[in-house]
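The residues making up each chain are set out below.
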Amino acid sequence: MIIRLYEYFCLLLPAQRADVEHVNFYAMKRKFRLTRCLRLIGMPMVYVGALVLIASFVFGWTNANILLLLCAFVIIVGAVMHVWALKKESKY
């Protein structure tokens with residue numbers, strides 16, 4: 001999609017631009033926001049999971065396995081999303 005925009009705005013002459021199919025900028029903007037949000041949400045998920053885990057130990061909620069497993073799941077998913085975002089941004 002980015003290549004199509006590059007071709008549309010940079011490579012084509014103004015007379016040729018009418019031949020290019022219509023570009024849905026709203027969908028591109030929404031997709032950009034979603035991917036940016038997914039890239040930025042990894043570390044906050046790790047922080048929230050760790051804070052809830054610490055709070056559960058401070059307040060003595062350690063007998064609830066669901067809370068502990070949920071915190072562990074949030075931390076693992078946040079770490080995976082953070083690594084995915086770093087790999088996605090890298091050129092290598």
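Up top you'll find the structure we're talking about.
Residues numbered from 1 in each chain as written. Predicted model: local features only at pLDDT ≥ 70, side-chain atom pairs only at ≥ 80, totals over all residues. Heavy atoms only, no water.

A.B. asks: Which parts of the structure should I look at to understand the environment of Leu 67?
C.D. replies: Turning to its location among the elements, Leu 67 is positioned in helix 4 (residues 65–89). According to the relative accessible area criterion, Leu 67 is partly exposed, its value standing at 23%. Sequence separation of Leu 67 and Ser 56 is eleven residues, and the distance between their C-alpha atoms is 8.1 Å. (Helix = DSSP H or I, 4+ residues; strand = E, 2+ residues; numbered from the N terminus. Buried < 20%, exposed > 50% of the residue type's maximum accessible area, 1.4 Å probe, protein only.)

A.B. asks: Which parts of the structure should I look at to understand helix 4?
C.D. replies: An α-helical turn contains 3.6 residues, so any two residues separated by three or four positions project in the same direction. For helix 4, spanning 25 residues, the distance from its first C-alpha to its last is 36 Å, which sits close to the expected 36 Å at 1.5 Å a residue. Along helix 4, the residues that are buried comprise Cys 71, Gly 78, Met 81 and Ala 85. (Expected span 1.5 Å × (residues − 1).)

A.B. asks: Just checking my understanding: could you explain the packing of helix 3 (residues 42–58) against helix 4 for this structure?
C.D. replies: For any two helices packed against each other, one specifies the crossing angle of their axes together with the interaxial distance. Between helix 3 and helix 4, the least distance of the axes is 7 Å, while the angle of their chain directions is 160°. Comparing their axes, helix 4 and helix 3 come out roughly antiparallel. Classified by chirality, the crossing of helix 4 by helix 3 is left-handed. Residues Gly 42, Met 43, Met 45, Val 46, Gly 49, Ala 50, Val 52, Leu 53, Ser 56 and Phe 57 of helix 3 pack against Leu 67, Leu 68, Cys 71, Val 74, Ile 75, Val 77, Gly 78, Ala 79, Met 81 and His 82 of helix 4. (Axes fitted to C-alpha atoms, helices over the stretch in contact; angles between N-to-C directions. Parallel < 35°, antiparallel > 145°, perpendicular 65-115°, else oblique. Left-handed = near helix turned anticlockwise from the far one by under 90°. Contact = heavy atoms within 4.5 Å.)

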